[in-house]
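Here are the chains, one letter per residue:
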Amino acid sequence: RCSQTHVGQYSMLAKKRKAEAGLPPLGLDLDDVDSVMTMSVKLGGSGVVNVPLSLAVQPAQASALNLRLCKADARAKKISRDEEGAPLAVDITGFQDSELNTKYTVRPDVLVHGRRTYWTRDGAARHFVLWDGAMARWVIVESVDQSVKWEALPWRAFQCEQVALAESTCWMERLEAGWSRSSVQVVPAHSGPVAPRTSLEESPPFAVDFTGFRRLELNARFAFRSGIALQGKPTYWDSSGRLFLYWQTGCRRWAICGRRALEAARHGQTPGCACQLDQGHFSVPSRWVEYQGTRWVSVPVDVTVHPFADEREDEVSASAGEA
């Protein structure tokens, strides 16, 4: 005769097998989806991930910057940087339009194409610097209306080359007479404490599309899968069943993981081949890092959310078409 404990264990095992029945069997095709522990990626550190070209300060420029700081103030403090090694503020000079020559400070709560934005300090906050994913370069735009999408905001200036933000280079700026070339200096600047970005819990979507990862298989649609929950939250799977998106309770973030590490995640560990750098829901813009070779690399990831309502509408449309 089985005890109540054994009955409960058998019931849980049956539910687990039923939920995973639709997944493909583990085989050699899963060997290329490697996952490592993500505990080394920590929010609030400095330079905890590999610095991408779009954010890095070149060694020659860093030496020149240190020399200028020493001449200006022997007691100058070290420039504050975020987890990606990017400065928390920059001083920009060299534009013909003096309105653009000012200090821009990072806003962790406003991300565009997976990168933080830098804003002017004036009350109107008319201008800010953002990373344009299509052009792969930094752009200064004018915030004319909060309701206007980033892509539709008017450009005031943009880099002529695909280089780091904190690198002096040629910029094109828009003047009354048209576009003009200017030699611009962008120098990392001192910044006060920057509050970490936080986001409220969002309603679970039906699916989410990721783009921007270096590994092509990560640029996929991850759909809600009922019956498979990890660390207190539902999981999302790609169409092949090889990759899943799950919540890491200890780190308070979401990560993408290969199915071979499913049991490790089920036991509270934190495996992954990509994970958020910010704490928050995966359906809102966030910074992501991806494991490449032997290191974590920052990647500009965009996310497209598909609510459950959209899925029901698609089913209704499909049924109407069949009729």
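As shown above, the structure is provided for reference.
Residues numbered from 1 in each chain as written. Predicted model: local features only at pLDDT ≥ 70, side-chain atom pairs only at ≥ 80, totals over all residues. Heavy atoms only, no water.

Asker: Provide a residue-level description of the overall build of the protein, including the pertinent values.
Answerer: In terms of regular secondary structure, the protein is built from four helices and 19 strands. By the burial criterion, 44% of the 323 residues in the protein qualify as buried. Taking the intrachain contacts of the protein between residues at least 6 apart in sequence as the baseline, contacts between residues at least 24 apart amount to 54%. As displayed, the protein offers around 16,800 Å² of accessible surface, 53% of which is attributable to carbon and sulfur atoms. (Helix = DSSP H or I, 4+ residues; strand = E, 2+ residues; numbered from the N terminus. Buried < 20%, exposed > 50% of the residue type's maximum accessible area, 1.4 Å probe, protein only. Contact = heavy atoms within 4.5 Å. Areas by Shrake-Rupley, 256 points an atom, 1.4 Å probe, with all protein chains shown as cover.)

Asker: So what's going on with the sheet that holds strand β12 (residues 233-237)? Residues and values would help.
Answerer: Taken together, the nine strands give an open sheet; going across it, the order is β18-β17-β16-β14-β13-β12-β11-β10-β19, and neighbouring strands pair in antiparallel fashion. In this open sheet, the two strands that pair with only one neighbour each are β18 (295-299) and β19 (302-306). The mean inter-strand angle of the sheet, taken between neighbouring strand axes irrespective of direction, is 30°. Relative to β19, strand β10 (residues 207-211) is paired through five bridges, and the arrangement is antiparallel. Following the sheet pairing, aspartate 209 is matched in β19 by threonine 304. (Pairing = 2+ DSSP bridges. Axes fitted to C-alpha atoms, helices over the stretch in contact; angles between N-to-C directions.)

Asker: Run through the sheet that holds strand β2 (residues 89-93), naming residues and quoting values.
Answerer: Pairing within the closed barrel is antiparallel, and its eight strands lie in the order β2-β3-β4-β5-β6-β7-β8-β9. Taken over all neighbouring pairs, the strand axes of this sheet differ in orientation by 35° on average, direction set aside. With two bridges joining them, strand β4 (residues 115-120) and strand β5 (residues 127-132) adopt antiparallel strand pairing. When the bridges of β5 are listed, tryptophan 119 appears paired with phenylalanine 128.

Asker: Residues and numbers for the side chain of glutamine 159, please.
Answerer: Mapping glutamine 159 onto the fold places it in strand β7 (residues 155-159). Residue glutamine 159 is classed as buried on the basis of its relative accessible area, which comes to 0%. At 3.0 Å, the side chain of glutamine 159 forms a polar contact with the backbone nitrogen of tryptophan 138. A polar contact is formed between the side chain of glutamine 159 and the backbone oxygen of alanine 164, at a distance of 3.1 Å. In contact with glutamine 159, other than residues within four places in its own chain, are Arg137, Trp138, Ala164, Leu165, Thr169, Cys170 and Trp171. (Polar contact = N/O pair within 3.5 Å; in protein donor to acceptor, adjacent residues only side chain to side chain.)

Asker: Give me the environment of valine 36: which residues, what numbers.
Answerer: Here valine 36 shows up in strand β1 (residues 36-37). Owing to a relative accessible area of 25%, valine 36 belongs among the partly exposed residues under this scheme. On a C-alpha basis, the gap between valine 36 and cysteine 257 in space is 8.7 Å, while along the polypeptide they are 221 residues apart. Excluding anything up to four places from it in sequence, valine 36 contacts Thr270, Pro271, Gly272, Tyr291 and Trp296.

Asker: Help me get a handle on the pattern of salt bridges, residues and values and all.
Answerer: A full pass over the atoms with the stated rule returns twelve salt bridges. Aspartate 82 serves as the salt-bridge partner of arginine 287, at 3.6 Å between the closest nitrogen and oxygen. Residue arginine 287 is located in the loop between β16 (274-276) and β17 (288-292), and its partner aspartate 82 is located in the loop between α2 (59-72) and β2; the two are separated by 205 residues in the primary sequence. Across the pair, aspartate 82 and arginine 287 agree in class, each one buried. (Salt bridge = Lys/Arg side-chain N within 4 Å of Asp/Glu carboxyl O.)

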